[in-house]
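Descriptive structure summary
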Amino acid sequence: MSDRPTRRERYERARRRRSVVVATVSTVVVVGALIILIPLTPGWERVRQAFFDGDVFVETFPGLVEAFWLDVKILLWATPFILLVSLLVALARNTRSPALFPLRAFAVIYTDVLRGIPVILLVFLIGFGVPALGLSREWANPVIWGTVTLVLSYSAYTAEIIRSGIDAVHESQRAGARSLGMTSSQTMRSIVLPQAFRKIVPPMMNTFVSLQKDVALVSLIGPVEILRQAGIDKATYANFTPYVAASLIFLAVTIPCTRLADWLLARQRARTGATTIA
Amino acid sequence: MRGRASEEECAVTPGSSFNGCVNNNLKENIMRRSPALRRIIPAIAVGALVLAACGSDDDGDSADDTSAPAATEAPADTAGEASGAVDCGATIDDGVLTIATGEPAFYPWVIDDAPETGEGFEAAVALAVAAEMGYEGDAVVWTRTTFDEAIQPGAKSFDMNLQQYSITEERRENIDFSLPYFTSNQAIVALEGSAAEGATTIADLKDVKFGAQVGTTSLAFITEVIQPNEEPFVYDDNVGAKAALEANQIDAAVFDLPTALYVSGVEIEGSAVIGQFPADAGGTTDQFGFVLEKGSALTSCVDAAITTLTENGELEAITQEWLSDFTGAPVITVE
């Protein structure tokens, strides 16, 4: 075997080099056009002042980062509960025993109702409604009930994702496991669920990114998290720069998550042998 | 028609529950309008204005004009141009002054959400200022905007905007303010038995859990002047603060005094204004001004009108007429 590249390898390398050059040139042209053309628009000066004010950015950024910590805490509390509740609902929906029909019915109603109501309405209903029943100050805390709302709403979504994952495992897997003498729950636990979870990682990551942004809805019932802090700063300075700053902080968290989701998806495609056609 | 109780019923004796009186007035005011009517009236009013504006194009035929006496002397639009537009610079619609307020606009600033009638403090002030600038009758058009619309870059949909905008230096970076037409103070609304009840100084309020509306000076007042031990909760509107009071999530909410009396009298059953702060508490006075586009040619003209109204006592008279009920809550001292 010689070290010299084959003709085919040389050809492919040339093609790759060519596409890199084309991509670079087109990116430079597009970005350059945007940088040159946008400031030429008549309203640019006002827009720059209202959305990209350096002083306002510097003033408000630390407060926004501090407020974002509340979002992170809510997210970290909500995520494990969402996984737990949605798994239970998905399993309830997949039961097959006739005696468990009420459980299945409950699971269907749960997903239908909670998925059907906009999160923003649920936040108000639960966040103000439940504490008004007469809870003590400690337990009336809107952070608690805002988190509960997110768990209820998002677990309805993820329950459907998990169910679709379970359904995507071929019936022969189940049949094979049962024919080997496994019980129904053993089959579910060690044959169906492991395969199902592998299939649903990408959509779950997608939902997780969506949840990161919806945490901000908790601010509607009082707690000052990043979006609310940005709103307060916006009103103080009559300037939208705090929203831009808040967007950057969100992106700093969501972009790594979306990249991770993409990477997981790519890995899964490679593993299952799906080919990528350019 | 404003449906007020008589003066005698309303007289406030020091130390008595002044709120009951306000309650009656306000409730009467609110109950007079059915929800459907509230929605329809502004639509009709706007429709009528549009029709009237179109109508005045055909050479001053004022047959469709029932409200403006000025129209019998001259067509409304020429009247506007003659005395106002020439002095003040161009408005967004030629010969017409477009005034914006909130959607909906609240009592006591605008009665029945119908600013066209001039009923309510801000409606009356706006029409008085417009009249000083030379715009009367059909030459005044009302529109509605949110807070954000008023400060966003680009062309404005109004000549001037009033919805209790507090004048601050930071905001002046992006928009023009007129001279102030009202100086407000802050007040506390709480349910019976609240931890804030009986407070006479700021020190009594340190352990109170507060709520306020986003973007208001009331919120800044809590964080900068009262400085309670616990961070305040923040809501989009009065209704959120109300729900939080009822849900036992906050002890008290802070509003400007007229709003506080409205909220306690009409919106939150069982609540009362348990105290008000001096207008200069915290070293800053909260003054309301008209918002105009940054660098608007009209600003100086609005200022001149407000100066005139202040000097000739008309502004004071309007304040007395629409906000005279709003005195009497116990004063909480800052030191």
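Here we summarise the structure given alongside this text. Position numbers for residues start from 1 in each chain and track the written sequence from start to end. Chain letters and ligand numbers both follow the written order, the letters beginning at A and the numbers at 1. Local features in this predicted model are restricted to residues of pLDDT 70 or higher, and side-chain atom pairs are both shown and tallied only at a pLDDT of 80 or more, whereas totals for entire chains, interfaces and linings draw on every residue.

Before going further, it helps to examine the interface of chain B and chain A. C-beta atoms are first placed from the backbone for all residues, and any pair lying within 7 Å is then listed as a contact. Taken together, the 24 residues of chain B in the interface contact 24 residues of chain A. The secondary structure listing takes helices from DSSP runs of H or I that are at least 4 residues long and strands from runs of E that are at least 2 residues long, numbered from the N terminus. If you list the elements that add at least two residues to the side of chain B that touches chain A, you get α8 (169-172), β7 (233-235) and α10 (238-246) of chain B. In this classification, Asp, Glu, Lys and Arg are treated as charged, Ala, Val, Leu, Ile, Met, Phe, Trp, Tyr, Cys and Pro as nonpolar, and every other residue, Gly included, as polar. The residue makeup of the side of chain B that touches chain A, split by class, is 11 nonpolar, 7 polar and 6 charged.

With that settled, the discussion passes to the sheet that holds β7(B). Residues and elements named next belong to chain B. Spatial ordering of the open sheet is given by β7-β6-β8-β5-β9, a layout of 5 strands whose pairing is mixed. At either end of the open sheet lies a strand with only one pairing partner, and these are β7 and β9 (271-276). For this sheet, the mean angle separating the axes of adjacent strands, direction not counted, is 30°. By the convention used here, strands pair only if DSSP detects at least 2 bridges between them. Summarising the sheet, strand β5 (residues 186-191) and β9 pair through 5 bridges and their orientation is antiparallel. Across the sheet, residue V189 finds its bridge partner in β9, namely V273. Helix axes use the C-alpha atoms of the stretch in contact, all axes being lines fitted to C-alpha atoms, and the angles between their N-to-C directions lie in the range 0 to 180 degrees.

Residue and element names in this part refer to chain B. We define the nonpolar core as any set of buried residues of the types Ala, Val, Leu, Ile, Met, Phe, Trp, Tyr and Cys, connected via C-beta atoms lying within 7 Å of each other. Think of it as a crowd count around each C-beta: if 20 or more other C-beta atoms lie within 10 Å the residue is buried, if 12 or fewer it is exposed, and in between it is partly exposed, with C-beta placed from the backbone throughout. Membership of the largest hydrophobic core comes to 139 residues, with the highest contact counts inside it found for V129, A130, V189, A253 and V302. When residues of this core are assigned to their parent elements, the largest contribution, 11 residues, is made by helix α6 (residues 121-133). An automatic or database domain assignment provides the domain bounds reported here. Two domains share this core, each providing at least three of its residues, namely domain 1 (17-56 + 63-181 + 288-323) and domain 2 (186-277). With sequence-adjacent residues up to four places away left out, V189 is seen in contact with A252, A253, F255, A260, V263, S264, I268, S271 and V273.

Below, the discussion takes up the packing of α6(B) against helix α12 (residues 299-311) of chain B. Residue and element names in this part refer to chain B. Relative orientation of the contacting elements α6 and α12 amounts to 110°, with a least axis distance of 9 Å. Viewed along their axes, α6 and α12 adopt a mutual orientation that is roughly perpendicular. Of α12, the residues touching α6 (which contributes A128, V129, E132 and M133) are C301, V302, A305, I306, T308 and L309. Here the residues of the contact of α6 with α12 sort into 8 nonpolar, 1 polar and 1 charged. When an angle is under 35 degrees it counts as roughly parallel; over 145 it counts as roughly antiparallel; between 65 and 115 it counts as roughly perpendicular; any other value is oblique.

With that settled, the discussion passes to the packing of helix α3 (residues 54-93) of chain A against helix α6 (residues 142-168) of chain A. Residue and element names in this part refer to chain A. Between α3 and α6, whose axes approach to 6 Å, the crossing angle comes to 45°. In this view, α3 runs oblique relative to α6, as classed from their interaxial angle. For α3 against α6, the interelement crossing comes out right-handed. Where α3 abuts α6, its residues I74, W77, A78, F81, I82, V85, S86, L87, V89, A90 and R93 lie against V143, G146, T147, L150, V151, Y154, S155, T158, A159, I162, R163 and I166. Crossing handedness: left-handed means the near helix sits turned counterclockwise from the far one by under a right angle, and right-handed means the same turn made clockwise.

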